[in-house]
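# Notes for the structure review
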Amino acid sequence: MDLDRALAALPANPRIVVTGNHATPWHTLRLVDERLAEYRLWMLNGQHGIPDREGVTLETSFVGPGQRRSPRLSYVPSRLSLVPTLFAGSMPPDAVVLHTTRPRDGKVSLGVEVNVLPAAIEAVRSRGGIVVAQVNDHLPWTYGDALVDVEHLDVLVEADEPLAHAAGAPIDDASARIGELVAARVGDGATLQAGIGAVPDATMRGLIGRRGLRIWTEMFSDSVLALELAGALDRDVPISASFLFGSPELFEWVDGNDRVEMVRTEVTNDPARIAGNPAMVSVNTALQVDLFGQANASRINARIHSGTGGQTDFIVGALHSPGGQAFIALRSWHPKADVSTVVALVDEPVTSFQMSAIVTEQGLAEVFGRDQREQARQIIDHAAHPSVRDDLWEEAAALGLA
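## Examining the overall build of the protein
When you go through the protein residue by residue, the secondary structure sums to 13 helices and 28 strands. Here the C-alpha radius of gyration of the protein, 22 Å, is about what a compact globule of 402 residues would show, namely 21 Å. For the protein, the proportion of its 402 residues judged to be buried stands at 57%. Restricting to contacts in the protein with at least 6 residues of sequence separation, those with at least 24 account for 66%. Summed over its atoms, the accessible surface of the protein is roughly 16200 Å², and 50% of this surface lies on carbon and sulfur atoms. Each charge class in the protein was averaged separately, 33 positive and 51 negative side chains, and the resulting centres sit 2 Å apart.

## A closer look at the sheet that holds strand E14 (residues 239-241)
Pairing is parallel in the open sheet, where three strands are placed in the order E8-E16-E14. Strands at the two margins of the open sheet, each flanked by one partner only, are strand E8 (143-144) and E14. The pairing of E8 with strand E16 (residues 260-262) spans two bridges and is parallel. Looking at the pairing, Gly-144 lines up with Met-262 of E16.

## A look at the environment of Leu-213
Relative to the elements of secondary structure, Leu-213 occurs in the loop between helix H6 (198-205) and strand E12 (214-215). Residues contacting Leu-213, with those up to four places away along its chain left out, are Gly-187, Gly-189, Ala-190, Leu-192, Leu-207, Leu-227, Ala-232, Leu-233 and Asp-234.

## Some details on the side chain of Ser-61
Along the polypeptide, Ser-61 turns up in the loop between strand E3 (56-60) and strand E4 (73-75). Ignoring sequence-local partners within four residues, the contact set of Ser-61 consists of Trp-42, Leu-44, Tyr-75, Val-76, Ser-78, Val-83, Leu-86, Ser-306, Gly-307 and Thr-308.

## Some remarks on helix H5 (residues 173-183)
Every buried residue of H5 is listed here: Ala-174, Ser-175, Ile-178, Gly-179, Leu-181, Val-182 and Ala-183. For H5, the elements touching its buried residues are H6, strand E17 (280-284), strand E22 (325-329), strand E27 (357-360) and strand E28 (363-366). A side-chain oxygen of the first residue of H5 lies 3.1 Å from the backbone nitrogen of Ala-174; this N-cap is Asp-172.

## Structural notes on the pairing of strand E7 (residues 130-135)
E7 sits mainly inside the fold: six of its six residues count as buried. Burial of the side chains of E7 extends over both faces: Ile-130, Val-132 and Gln-134 are buried on one face and Val-131, Ala-133 and Val-135 on the other. Judged from the six bridges that link them, strand E5 (residues 95-100) and E7 form a sheet pairing that is parallel. Residue pairing in the sheet places Val-97 in a bridge with Val-132 of E7. As paired elements, E7 and strand E10 (residues 155-158) share four bridges and run parallel to each other. When the bridges of E10 are listed, Gln-134 appears paired with Val-157.

## Some points on the packing of aromatic side chains
Enumeration over the complete set of coordinates arrives at two aromatic pairs. Ring geometry for Trp-42 and Phe-87: centres 5.1 Å apart, planes at 75 degrees, overall edge-to-face. On the criterion of sequence distance, the pair formed by Trp-42 in strand E2 (residues 39-42) and Phe-87 in helix H3 (residues 83-88) is long-range, its members being 45 residues apart. Each member of the pair, Trp-42 as well as Phe-87, is classed as buried. Ring geometry for Phe-220 and Trp-253: centres 6.4 Å apart, planes at 65 degrees, overall edge-to-face. Here Trp-253 lies in helix H8 (residues 248-254) and Phe-220 lies in strand E13 (residues 219-220), a separation of 33 residues in the sequence.

## Considerations on the pattern of salt bridges
Within the structure shown, the criterion is met by 22 salt bridges. Here Glu-158 and Arg-102 are joined by a salt bridge, their closest N and O atoms 3.2 Å apart. Of this pair, Glu-158 sits in strand E10 while Arg-102 sits in the loop between E5 and strand E6 (107-109), placing them 56 residues apart in sequence. Its salt-bridge partner being Arg-185, residue Glu-366 comes within 2.9 Å of it at the nearest N-O pair. One end of the pair, Glu-366, is in strand E28; the other, Arg-185, is in the loop between H5 and strand E11 (191-193), with 181 residues separating them in the sequence.

## Overview of helix H11 (residues 311-320)
Counting buried positions along H11 gives seven out of ten residues, so the element sits mostly inside the fold. Along H11, the positions that sit buried rather than exposed are Gln-311, Thr-312, Asp-313, Phe-314, Ile-315, Gly-317 and Ala-318.

## Observations concerning the sheet that holds E11
Ordered in space as E12-E11-E17-E22-E27-E28, the six strands form an open sheet in which the pairing is mixed. A strand with exactly one partner marks an edge of an open sheet, and here the two such strands are E12 and E28. Here three bridges tie E22 to E27, and the two strands are oriented parallel to one another. Paired with Ala-329 across the bridge in E27 is Val-359. In this fold H11 packs onto E11, E17 and E22, with an angle of close to 150 degrees to the strand it touches most, E17.

## Side note on the environment of Ala-120
Relative to the helices and strands, Ala-120 is located in helix H4 (residues 117-126). Under the relative-accessibility criterion, Ala-120 is labelled buried at 0%. Taking C-alpha positions, Ala-120 is 20 Å from Asp-33, a pair spaced 87 residues apart along the chain. In this view, Ala-120 contacts Val-17, Phe-87, Pro-93 and Val-96; residues no more than four positions away in its chain are not counted.

About the criteria used
- Residues numbered from 1 in each chain as written.
- Predicted model: local features only at pLDDT ≥ 70, side-chain atom pairs only at ≥ 80, totals over all residues.
- Heavy atoms only, no water.
- Helix = DSSP H or I, 4+ residues; strand = E, 2+ residues; numbered from the N terminus.
- Rg over C-alpha atoms; globule rule 2.2 N^0.38 Å.
- Buried < 20%, exposed > 50% of the residue type's maximum accessible area, 1.4 Å probe, protein only.
- Contact = heavy atoms within 4.5 Å.
- Areas by Shrake-Rupley, 256 points an atom, 1.4 Å probe, with all protein chains shown as cover.
- Lys, Arg positive; Asp, Glu negative; His and termini not counted.
- Charge placed at Lys NZ, Arg CZ, Asp CG, Glu CD.
- Pairing = 2+ DSSP bridges.
- Polar contact = N/O pair within 3.5 Å; in protein donor to acceptor, adjacent residues only side chain to side chain.
- Phe/Tyr/Trp six-rings, centres within 6.5 Å; stacked < 30°, edge-to-face > 60°.
- Salt bridge = Lys/Arg side-chain N within 4 Å of Asp/Glu carboxyl O.
- Axes fitted to C-alpha atoms, helices over the stretch in contact; angles between N-to-C directions.

Structural data, given as structure tokens:
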């Protein structure tokens, strides 16, 4: 079946799930957009350049820079682990557009982005929809849930495009200090949720000397490769993740590497599965935290900025893991907004709460297992910027926390 005929068979205003994050199949997405006057584009973390015009509804449960300020954004609150449930229930897809390798032995690989795509494929196949794959020789071949039988694909579009990659950025002093504080709490044999950015990179850099570490994470970047090369990871345990983003060297390393197991989101982000890992360490960030240990990681001035993502999944899972810890790591002062990130009471919807500790460049504030007054004291004395501590003590008293 060719693409024109496949798209012509879709119902009016179809829902089309497209590979998101940094693995967007740009060529095929443009072809779809040219052929459909009206459709619902379902993507996670849509990047700049995705179609945003009248007739296109931008659906997502995690908002990216290409969706963030669009008047056509339709944000669907959901933990990432539950997005597959949306596809099987209230938000069934009519088509799925994938970014894949060239077929080998009757299969293709989803490469760097597995995430919610296996669930989307199953949902669309169950209702007679279509699956389109953009075949790209630049994609690395990865294993696990990344492998898809060719028989599940209705249309193949050949289009080689270079993959987006992350440019290495220097680690600033604040991030280095935060990473140092978190790393000091991680022992040999721990399991890590590793993200991307200066704080996760600094944390990982501090773990080079550990041994027997494991990776169970939503995504990872070059910091995991650095741990592997340093001999810090347990060679008998697969590196499990749902999507990847990093340097060309990272993509080259994962290509054909059966050490790396790509896992669908409802497994990687299942709090029960996360809890089954020994000494699970979750490191996430936030826009704002308050004296009750509540974190806002998704909204600015009530406008959705990102989404719940996997933060709640991993905090809950880590706290249930034997010896597990969940950290919220952020700067104590927002450099652009020029305000404290530690406030008396968050004025936005709460993304997560009851983490093990809040970490800033000022120090580490113990949260879990302390009563509410001790939590507040820890956060003011150890996490807040010194310039706002007196004000926070006054507000703590008014809130009954001092």
